[in-house]
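Here is how the chains run, residue by residue.
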Amino acid sequence: MTTDAESRSGCQAYEVLLEDYLNAELSAEDAKLAADHLADCAACRAAVKRANASTRLLRAAEPSPDPGPAFARMVMARIRSAENEKAASRANFWQPFVSLGWRFAATATFALAALVTYNAGWLHRSQPNVALQRPTVDIFAPEPARAPATGGEVLMMVADTGHEK
Amino acid sequence: MAASAPALALPFRQGEKKAEDRELVRLSQNGSEPAFEELVRRHQQRVFALVAGILHRPDDVEDVAQQVFLKAYLGIKRFDQRAAFSTWLYKIAVNECWDYLRKRKVRPLVYEADLSEEQVSRLDGIVSSERPPVGANARAETRELLDRVLALLPEQDRQLLVLKEIEGFSVQELAEILHLNVNTVKVRLFRARGRIMDIYRRRLGSKAKSHAVPAEAEKE
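Scope of this entry: the structure provided in the associated data block. From a predicted model like this one, the values you see are computed outputs, not experimental measurements.

## A word on the interface of chain B and chain A
With 42 residues of chain B in contact, the opposing surface of chain A contributes 34 residues. Per element, the largest residue contribution to the side of chain B that touches chain A is 10 residues, and it comes from helix α10 (residues 182–219) of chain B.

## A short note on the environment of A:R50
With respect to the element layout, A:R50 can be found in helix α4 (residues 42–59). In this view, A:R50 contacts B:R193, B:G194 and B:M197; residues no more than four positions away in its chain are not counted.

## Quick look at unusual backbone geometry
All names here are of chain A. The phi torsion at A24 lies on the positive side, around 55°, for a residue other than glycine. Residue placement: A24 occurs in the loop between α2 (15–22) and α3 (28–40). In this structure A24 comes out as exposed when scored by C-beta crowding, with 7 C-beta atoms within 10 Å.

## Description of helix α5 (residues 69–126) of chain A
With 58 residues, α5(A) extends 85 Å from end C-alpha to end C-alpha; this agrees with the ideal 86 Å at 1.5 Å per step. Remark: the principal bend of α5(A), roughly 35°, maps to A:Q95, with a proline, A:P96, within the next four residues. α5(A) sits mainly on the outside: 5 of its 58 residues count as buried. Among all positions in α5(A), only A:F71, A:A72, A:V75, A:M76 and A:I79 are buried. Close packing links the buried residues of α5(A) with α3 (33–55) and α4 (58–75) of chain B.

Quick notes on the rules
- Residues numbered from 1 in each chain as written.
- Chains lettered and ligands numbered in written order.
- Predicted model: local features only at pLDDT ≥ 70, side-chain atom pairs only at ≥ 80, totals over all residues.
- Contact = placed C-beta atoms within 7 Å.
- Helix = DSSP H or I, 4+ residues; strand = E, 2+ residues; numbered from the N terminus.
- Buried ≥ 20, exposed ≤ 12 C-beta atoms within 10 Å, placed from the backbone.
- Expected span 1.5 Å × (residues − 1).
- Bend = angle between axes of the 7 residues up to and from the residue.

Right, dumping it as structure tokens:
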């Protein structure tokens, strides 16, 4: 007794063999096995008949056409375009970092210049002008008075003062 | 890409048509653009057929096929040549097709299977071997009619039948690129052959009969 599936496609155990039988890809031994089975099994005979009809129908159809030589050229153009995009995107990846680097360098330079300028100005203000503040030495001026060191010098000073009066 | 690449293009076009894929792959891995272009030329028809067989959307086939070769180019340095280049390429094509269908959330195009009586009669002539199509134009028309009938099949059955019987892929190739066991492919093919005839007779058989009746009436 055959099942519903078997009545449509033949006996399941013989499906592989019958597919090869349709394509004439069986050894002599297997071909005899298939022929013997087909002689005994009406379901498989019907299945092979249907399969043969569909194969005739399918093999009558035109396969997809070759896309032609322009296709290869278009593929290569697409590859080049993709490679260029890849290179551009690689450059774009580093672009923000490069830009940031330049900004940092510019800011650092500006800050350094400002610091140097400010420091120079501060030093200028805080350091006394040695040239201006150096006392002029008058070689003709009397020697500045100094405190008497001994009792004799005191007496001499008093005597000088009295004499001047 | 190598700037000197065009200089390599001539030998392949003129005298080295029989250069093995392996050598072309090796050259491509070293950055030879003409070598890869030759690989494209050698395999474009099969990739086109494979993509057309899976997508069933003629407008998108070329775009997806180009994408397949672009991916192959970008990944060729990682290809270790343990499998044939064609098998590796076809696997990329199958994955690309599924990605495409998933991203676009589209199903393969479903044609209206409603054929005219004349069209059904033409297919009947092929099925009965009485009137096989002669010439590329007749075969192209048959393909168009058949695509409408095939659209009524489950997607996997349709793909297997189209790729095996129309586009000429072998069972072994189909098993490799679809990640299936060889015997599984054979069983599915055998069942799909039966199913398409069931659909053909069930959906279009009445028209074939209705076409036959007036012909007989005319004779009377």
